[in-house]
Amino acid sequence: CIYTLSLFKDPNAAYYIEPMLGDQNPFVRVGAIIALSKFNNNVEKSKKDLQSMLEMSDPMVKRAAIFAFGELGLNKRHLINKYLYENNPEVAHEAAQALTKLGDRHGFYVLLSHILSAPPEQFENYHRFFRSLNDNAKHSALRVLHDYTSDYLHDLAMEYESGDLEDMELAVLERLRRLYVLLDQPEELFEIQNVLKNKHAINI
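Let me sum up the structure you'll find in this document. Model, not experiment: these values are computed from the prediction.

About the thresholds
Residues numbered from 1 in each chain as written. Predicted model: local features only at pLDDT ≥ 70, side-chain atom pairs only at ≥ 80, totals over all residues. Heavy atoms only, no water. Helix = DSSP H or I, 4+ residues; strand = E, 2+ residues; numbered from the N terminus. Contact = heavy atoms within 4.5 Å. Areas by Shrake-Rupley, 256 points an atom, 1.4 Å probe, with all protein chains shown as cover. Lys, Arg positive; Asp, Glu negative; His and termini not counted. Charge placed at Lys NZ, Arg CZ, Asp CG, Glu CD. Expected span 1.5 Å × (residues − 1). Polar contact = N/O pair within 3.5 Å; in protein donor to acceptor, adjacent residues only side chain to side chain. Axes fitted to C-alpha atoms, helices over the stretch in contact; angles between N-to-C directions. Parallel < 35°, antiparallel > 145°, perpendicular 65-115°, else oblique. Nonpolar A, V, L, I, M, F, W, Y, C, P; charged D, E, K, R; others polar. Buried < 20%, exposed > 50% of the residue type's maximum accessible area, 1.4 Å probe, protein only. Salt bridge = Lys/Arg side-chain N within 4 Å of Asp/Glu carboxyl O. Phe/Tyr/Trp six-rings, centres within 6.5 Å; stacked < 30°, edge-to-face > 60°.

1. Considerations on the overall build of the protein chain
- Tallying secondary structure elements over the protein chain gives 12 helices and 0 strands in all.
- Listed N to C, the secondary structure of the protein chain is α-α-α-α-α-α-α-α-α-α-α-α in terms of helices and strands.
- In terms of overall dimensions, the protein chain has a C-alpha envelope of 65 × 35 × 25 Å along the principal axes.
- For the protein chain, contacts bridging at least 24 residues in sequence account for 54% of all contacts bridging at least 6.
- Accessible area for the protein chain stands at about 11,900 Å²; split by element, carbon and sulfur atoms hold 50% of it.
- On the protein chain, the mean spot of the 22 positive side-chain charges and the mean spot of the 29 negative ones are 9 Å from each other.

2. Quick word on helix α10 (residues 135-159)
- Here α10 spans 36 Å end to end across 25 residues, near enough to the 36 Å set by a 1.5 Å rise per residue.
- Taken together, the buried residues of α10 touch α7 (89-101), α8 (105-117), α9 (120-131) and α11 (170-183).
- Where α10 begins, one side-chain oxygen reaches toward the backbone nitrogen of Asn136, 3.1 Å away; that side chain belongs to Asn134.

3. Points about the packing of helix α5 (residues 59-72) against α7
- Interaxial distance between α5 and α7 falls to 8 Å at its minimum, and their mutual angle equals 10 degrees. Taken together, the axes of α5 and α7 are roughly parallel relative to one another. Listed contacts from α7 to Pro59, Lys62, Arg63, Ile66, Phe67, Gly70 and Glu71 of α5 are Glu90, Val91, Glu94, Ala95, Ala98 and Lys101.
- Looking at the contact of α5 with α7 residue by residue, the classes come out as 6 nonpolar, 1 polar and 6 charged.

4. A closer look at the side chain of Arg178
- The topology assignment puts Arg178 in helix α11.
- Given the relative accessible area of 3%, Arg178 is considered buried.
- Among all residues touching Arg178, those that are not within four sequence positions of it are Ile115, Leu116, Ser117, Ala118, Pro119, Pro120 and Phe123.

5. Notes on α11
- Taking 1.5 Å per residue, 14 residues should reach 20 Å; α11 reaches 20 Å between its end C-alpha atoms and fits that length.
- In terms of residue burial, α11 counts as a mostly covered element, since 11 of its 14 residues are buried.
- Taken together, the buried residues of α11 touch α8, α9, α10 and α12 (186-198).
- Two residues or fewer past α11, Asp184 is found with a positive phi of approximately 55 degrees.

6. Details of the pattern of salt bridges
- In total, this model carries 7 salt bridges according to the counting rule given.
- The salt bridge partner of Glu86 is Lys62, with a shortest N-O separation of 3.2 Å. Of this pair, Glu86 sits in the loop between α6 (77-80) and α7 while Lys62 sits in helix α5, and the two are 24 residues apart along the sequence.
- Given a relative accessible area of 12%, Lys62 falls into the buried group.
- The residue Glu174 makes a salt bridge to Arg177 at a minimum N-O spacing of 2.9 Å. On the criterion of helical spacing, the pair formed by Glu174 and Arg177 is a turn pair, its members being 3 residues apart in helix α11.

7. Remarks on the packing of aromatic side chains
- The full count for this structure, using the stated rule, is 5 aromatic pairs.
- A ring pair is formed by Tyr148 and Tyr152, whose centres lie 6.1 Å apart and whose planes are at 25 degrees; its orientation type is stacked. Here Tyr152 and Tyr148 lie together in helix α10, a separation of 4 residues that amounts to about one turn.
- The class for Tyr148 is buried, based on a relative accessible area of 17%.
- Taking relative accessible area as the criterion, Tyr152 reaches 15% and is therefore assigned buried.

Now the structure itself:
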């Protein structure tokens, strides 16, 4: 509801959103901060609130603040970077996503390991996330993808001398499929999908 209200161009919508700044759920609070930023309401105060939330011990509060930094495009990478190595995996994952939105290549490299190992239904969510990135963030992520794919293909050439896709393990083929989906390279993707179909490995 907060997100929908923020889509209206009427600044009066802020009247209905502002009470949510005091909600007990941290994701509701940051949703209100993100929405109100579109109306330039208390932007500086909101930044300070988010930094305070980052320092709290509750992992959910940290995640909400990190999410907001990424959504707002606030270039506070120096504040978020340390959370890539948080003991809590959900906080670390949120940090990787936020840094990716901010065009941080290291953040996307960390996220890429999740993307390539996630269950099929989660990969589709990652694919949508990737497509939603702004141009600068996507350009940065694509540089990582090209470098990673080049290195991965080199390793495969050393391991599979024939270079034949039919000889490759299913996990290898699925990883290649995901890379080519993200890179939007239909010819390579078509070839890999055909091999996977022939092996009856995954439901494409």
